[in-house]
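# A look at the structure
Chain by chain, the residues:
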Amino acid sequence: MKLPEELQFISNARMLQKTTDARMDGRVCILTGATSGVGYQAARRLAQGGARLVLICRNDAKAAALQEELQREFNVQIDVVLGDLSRLADVRDVAGKILGNYPRIDVLINNAGVHNTRRILTADGIETVFFVNHLASFLLTRLLLDRLIASAPSRILQVNSQGHRFGGLALDDLNWDRRRYKGLQGYGASKVAQLLTVWELADRLKGSGVTINAVHPGEVRTNIGMNNGFLYRWYQRYLLWWILKDPVISGDAIYYLAAAPELAEVSGKFFNLTIEEKPASHALDRSVGKRVLMISEQLTGLSTAD
Ligand SMILES: NC(=O)c1ccc[n+]([C@@H]2O[C@H](COP(=O)([O-])OP(=O)(O)OC[C@H]3O[C@@H](n4cnc5c(N)ncnc54)[C@H](OP(=O)(O)O)[C@@H]3O)[C@@H](O)[C@H]2O)c1
């Protein structure tokens, strides 16, 4: 039985995933959130494919252990740039260091993400999930955009989520000042905002040789949400854990989207792992997207020329 279009994501998750034999030898890949879960598996797969990795991490000790592991196992160059992606100043600092040290960028993968059950504001006064999942990835992408264009052909991958289907984006209350914070909706809002800006950036990048796409990395066993309270952690570890998959599938999908020659000119798409899929209709509203773009520029201190 064929599912209606809005439920197609359920059957897509069961489809045979695509793979590629293409190698990434020497290609410079910037990756956020590599110290755990999806990002960790992506880092391993990219290193196995020969990529030269620049890992943006907030935890010095975890980053050093990962760097040592990847260099030892795969004999590739792994660099680390430290920064907390919940802080505006750190995102700008990280971007500055990358621009200063890497004359070319082949792939940018914005993967770092969080899921909070409570509303927590960042040091800059912005709701944390919205900031880390959307604004930090948006700002980093924009600050590195000219370098990606100069390095074309190059690719940008936003690690998004089927959580965008939860909705939750209210442009008049992005910081949840007037509503009671709900974790799933806060998470959904951040992912909707990110998707809406992917379509806008894809338009802007047309003809530049730079592609930008979004991926849902599967429902996988990671540490996301494990910063929340006991009940949530118990639910995730003891109930959800058994139905979640091994995040190796996420790493493989990200590698495919970063490396597959057949995707060299594919841009402005949402992938469920490696299967192209139609996102929820509220994430396709281009007039809302243009407003989200403008608001995101304002909140991150970007000018339209940046
Ligand atoms: N797991 C799933 O089933 C699933 C489903 C859909 C989408 N996703 C998406 O996949 C991405 C990765 O999540 P995951 O499931 O792999 O979660 P995870 O295991 O918790 O990993 C998250 C990564 O992001 C990093 N990070 C979080 N906040 C950061 C900050 N302020 N500054 C710098 N780095 C930060 C973490 O660093 P530390 O190691 O220092 O904590 C970690 O490396 C997210 O965008 C998530 O929304 C996951």
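Among the secondary structure elements, Asn-133 is positioned in helix α5 (residues 128-150). Looking at Asn-133, the relative accessible area reads 2%, which means it is buried. Within polar-contact distance, the side chain of Asn-133 engages the backbone nitrogen of Val-114 at 2.9 Å. Discounting residues that sit within four places of it in the chain, Asn-133 has contacts with Ala-112, Gly-113, Val-114, Tyr-187, Ser-190, Lys-191 and Gln-194.

Moving on to the side chain of Thr-141. Note on placement: Thr-141 falls in helix α5. In contact with Thr-141, not counting residues within four places along its chain, are Leu-108, Asn-110, Ile-156, Gln-158 and Leu-201.

Glancing now at the packing of helix α2 (residues 37-48) against helix α8 (residues 248-259). Between α2 and α8, whose axes approach to 7 Å, the crossing angle comes to 55°. Comparing the axis directions of α2 and α8 gives the class oblique. The handedness of the crossing between α2 and α8 is right-handed. Residues Val-38, Gln-41, Ala-42, Arg-45 and Leu-46 of α2 pack against Val-248, Ser-250, Gly-251, Asp-252, Ile-254, Tyr-255 and Ala-258 of α8.

Another point: the nonpolar core. Side chains that are nonpolar tend, in soluble globular proteins, to be buried together. Ranked by internal contacts, the top residues of the largest apolar core, which has 47 residues, are Ile-30, Ile-98, Leu-140, Leu-144 and Ile-156. When contributions to this core are tallied by element, the ones reaching two or more residues are β1 (28-32), β2 (52-57), α4 (88-101), α5, α6 (183-204), β6 (210-216) and α9 (286-300). Counting residues per element, this core draws most heavily on α5, at 11 residues. Not counting residues within four places of it along the chain, the set of residues in contact with Ile-30 comprises Val-54, Ile-56, Ile-98, Ile-105, Val-107, Leu-108 and Ile-109. Within the second largest apolar cluster, 34 residues are counted, among which are Ala-34, Ala-43, Ile-109 and Ile-254.

A few words on the pattern of salt bridges. For the structure on display, the rule yields 20 salt bridges. In this structure, the salt-bridge partner of Arg-119 is Asp-177, at a minimum N-O distance of 2.5 Å. Note that Arg-119 is positioned in the loop between β4 (107-110) and α5 and Asp-177 in the loop between β5 (154-159) and α6, a separation of 58 residues in sequence. When its relative accessible area of 32% is taken as the criterion, Arg-119 is described as partly exposed. Using a relative accessible area of 58% as the deciding quantity, one classes Asp-177 as exposed.

This paragraph deals with the sheet that holds β5. Ordered by their spatial adjacency, eight strands build an open sheet running β3-β2-β1-β4-β5-β6-β7-β8, and the pairing between neighbours is mixed. Two strands lie at the open edges of the sheet, namely β3 (78-82) and β8 (275-277), each paired on one side alone. For this sheet, the mean inter-axis angle between neighbouring strands, taken without regard to orientation, is 25°. One ladder, built from three bridges, connects β6 with strand β7 (residues 270-272); its direction is parallel. Of the residues in β7, the one forming a bridge with His-216 is Asn-272. Most of the contacts of α4 go to β3, to which it runs at about 145°, and overall it touches β1, β2 and β3.

This part is about the pairing of β6. Put simply, side chains in a regular strand alternate between the two faces of the sheet. Counted residue by residue, β6 has seven buried out of seven residues, so it is predominantly covered. On β6, burial covers both faces: Val-210, Ile-212, Ala-214 and His-216 on one face and Thr-211, Asn-213 and Val-215 on the other are all buried. Sheet topology note: the β5/β6 ladder contains six bridges and is parallel. If you follow Ile-156 over to β6, its bridge partner there is Ile-212.

This paragraph deals with the site of the ligand. Near the ligand there are 30 residues, and of these Thr-35, Ser-36, Lys-62, Tyr-187 and Thr-222 occur at the shortest range. Taking Leu-85, its main chain carries an N or O atom lying 2.8 Å from a nitrogen atom of the ligand. The side chain of Lys-191 places a nitrogen or oxygen atom 2.9 Å from an oxygen atom of the ligand. Mapped onto the shell around the ligand, the elements with two or more residues apiece are α2 and α6. Grouping the constituent residues of the shell around the ligand by class yields 10 nonpolar, 15 polar and five charged.

About the criteria used
Residues numbered from 1 in each chain as written. Predicted model: local features only at pLDDT ≥ 70, side-chain atom pairs only at ≥ 80, totals over all residues. Heavy atoms only, no water. Helix = DSSP H or I, 4+ residues; strand = E, 2+ residues; numbered from the N terminus. Buried < 20%, exposed > 50% of the residue type's maximum accessible area, 1.4 Å probe, protein only. Polar contact = N/O pair within 3.5 Å; in protein donor to acceptor, adjacent residues only side chain to side chain. Contact = heavy atoms within 4.5 Å. Axes fitted to C-alpha atoms, helices over the stretch in contact; angles between N-to-C directions. Parallel < 35°, antiparallel > 145°, perpendicular 65-115°, else oblique. Left-handed = near helix turned anticlockwise from the far one by under 90°. Core = buried A, V, L, I, M, F, W, Y, C linked by side-chain atoms within 4.5 Å. Salt bridge = Lys/Arg side-chain N within 4 Å of Asp/Glu carboxyl O. Pairing = 2+ DSSP bridges. Near = heavy atom within 4 Å. Nonpolar A, V, L, I, M, F, W, Y, C, P; charged D, E, K, R; others polar.

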